[in-house]
Amino acid sequence: AKWIDYNGTPLTITATGFSFTFPNAAPGPNYEMAPRSAPLAGMLSGTWTVAAPDNAVFRSNDQCSAQGRGAVRLYFQRAGDNWQTQGYRYFSIAYTLLAPGAGTLAVSLDDPAAWANVLDGSQASTTLDLFAAAKAQPQTYGLTFGLCAAGHGVYVDPPTTATFTLTSFGAT
């Protein structure tokens with residue numbers, strides 16, 4: 001798949017996905033996306049590794065958390081999204097906090113209660129028609145980095161160097 005970062009974070013494409021080095025200042029990587037045109041159903045899952053010292057501190061580029069912890073979520077986007085239309089982008093409510101080592105996240109695409117609308121955070125179960133349309137007509141899918149504001153970016157406290165490597169991703 002052709003992976004890109006919405007903010008322009010340089011990605012190294014690998015046989016299993018991509019890798020990148022977290023910056024030491026905001027905003028950092030936010031949306032890592034790959035093209036998708038086939039309808040989505042089943043489970044969406046990702047597995048990754050983070051190479052970093054044990055004392056690495058990952059920060060989310062949002063103001064909603066006193067801890068400011070960096071996290072990763074799954075996401076998908078409907079074809080035709082202009083980044084301002086309700087019901088066109090969804091992120092998983094479940095997330096994994098970033099830390100050195102292996103990480104994984106899997107979320108059922110068939111459970112609207114497991115997904116939230118990106119624009120207002122409302123659960124997808126409140127707009128089932130929009131959620132179904134987004135799954136039926138996807139444009140991209142991938143990962144978001146942030147915490148409360150899921151796609152607002154993550155960075156690592158200096159002088160630490162941390163590298164994220166996606167080892168598997170897909171819908172099954």
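Structure: see above.
In short, a report on the structure.

Rules and cut-offs
- Residues numbered from 1 in each chain as written.
- Predicted model: local features only at pLDDT ≥ 70, side-chain atom pairs only at ≥ 80, totals over all residues.
- Heavy atoms only, no water.
- Helix = DSSP H or I, 4+ residues; strand = E, 2+ residues; numbered from the N terminus.
- Rg over C-alpha atoms; globule rule 2.2 N^0.38 Å.
- Contact = heavy atoms within 4.5 Å.
- Areas by Shrake-Rupley, 256 points an atom, 1.4 Å probe, with all protein chains shown as cover.
- Buried < 20%, exposed > 50% of the residue type's maximum accessible area, 1.4 Å probe, protein only.
- Core = buried A, V, L, I, M, F, W, Y, C linked by side-chain atoms within 4.5 Å.
- Pairing = 2+ DSSP bridges.
- Phe/Tyr/Trp six-rings, centres within 6.5 Å; stacked < 30°, edge-to-face > 60°.

A short note on the overall build of the protein
So, step 1. Helix and strand content of the protein: 1 helix and 14 strands.
So, step 2. Relative to the 2.2 N^0.38 estimate, which gives 16 Å for 172 residues, the radius of gyration of the protein is 15 Å and therefore close to what a compact globule would have.
So, step 3. For the C-alpha atoms alone, the extent of the protein along its principal axes is close to 45 × 35 × 25 Å.
So, step 4. Across the protein, every contact between residues at least 6 apart in sequence was considered, and the portion connecting residues at least 24 apart equals 76%.
So, step 5. Surface accessibility of the protein: about 7,500 Å² in total, with carbon and sulfur atoms responsible for 54%.

Notes on helix α1 (residues 128-136)
So, step 1. Within α1, the full set of buried residues consists of Phe-131, Ala-133, Ala-134 and Lys-135.
So, step 2. Contacts from the buried residues of α1 go to β7 (71-78), β8 (89-92), β11 (115-117) and β12 (138-146).

Here we look at the nonpolar core
So, step 1. Phe-22, Phe-58, Phe-76, Leu-98, Trp-115, Phe-145 and Phe-164 are the most contacted members of the largest nonpolar core, which has 33 residues in total.
So, step 2. With 7 residues, the next largest nonpolar core counts Tyr-31, Met-33, Phe-91 and Ala-116 among its residues.

Re the sheet that holds strand β14 (residues 163-171)
So, step 1. Sheet architecture is open: 5 strands sit in the order β2-β3-β14-β5-β10, paired in antiparallel fashion. Every other strand in the sheet has two partners, leaving β2 (12-13) and β10 (101-108) as the edge strands with one partner each.
So, step 2. Looking at chain direction, strand β5 (residues 43-51) and β10 are connected through 8 bridges and run antiparallel. Of the residues in β10, the one forming a bridge with Ser-45 is Ala-106.

Overview of the pairing of β14
So, step 1. Taken together, the 3 bridges between strand β3 (residues 18-21) and β14 define a ladder with antiparallel strand orientation. By the bridge assignment, Phe-20 is partnered in β14 with Phe-164.

Notes on the packing of aromatic side chains
So, step 1. In this structure the tally under the stated criterion is 21 aromatic pairs.
So, step 2. Considering the side-chain rings of Trp-3 and Phe-18, the 4.9 Å spacing of their centres and the 55 degrees angle between planes classify their relative orientation as tilted. Here the residue Trp-3 occupies a position in the segment before β1 (4-5), and Phe-18 occupies one in strand β3, the gap between them amounting to 15 residues. Here the two residues Trp-3 and Phe-18 agree in accessibility, since each one is buried.

Focus on the side chain of Thr-96
So, step 1. Positionally, Thr-96 belongs in strand β9 (residues 96-97).
So, step 2. Here Thr-96 falls in the buried class, since its relative accessible area comes to 18%.
So, step 3. Setting aside residues no more than four positions away along its own chain, Thr-96 makes contact with Trp-48, Ala-71, Val-72, Thr-104 and Leu-105.

Observations concerning unusual backbone geometry
So, step 1. For the bond from Ala-26 to Pro-27, the omega torsion is 10 degrees, close enough to zero to count as cis.
So, step 2. Structurally, Pro-27 can be placed in the loop between β3 and β4 (31-35).
So, step 3. The peptide bond linking Pro-158 to Pro-159 adopts the cis configuration, its omega dihedral lying at 0 degrees.
So, step 4. Examined against the element boundaries, Pro-159 turns out to sit in the loop between β13 (154-156) and β14.
So, step 5. We note that Trp-83 has phi near 70 degrees; this positive angle belongs to a residue other than glycine.
So, step 6. Counting through the fold element by element, Trp-83 comes out in the loop between β7 and β8.

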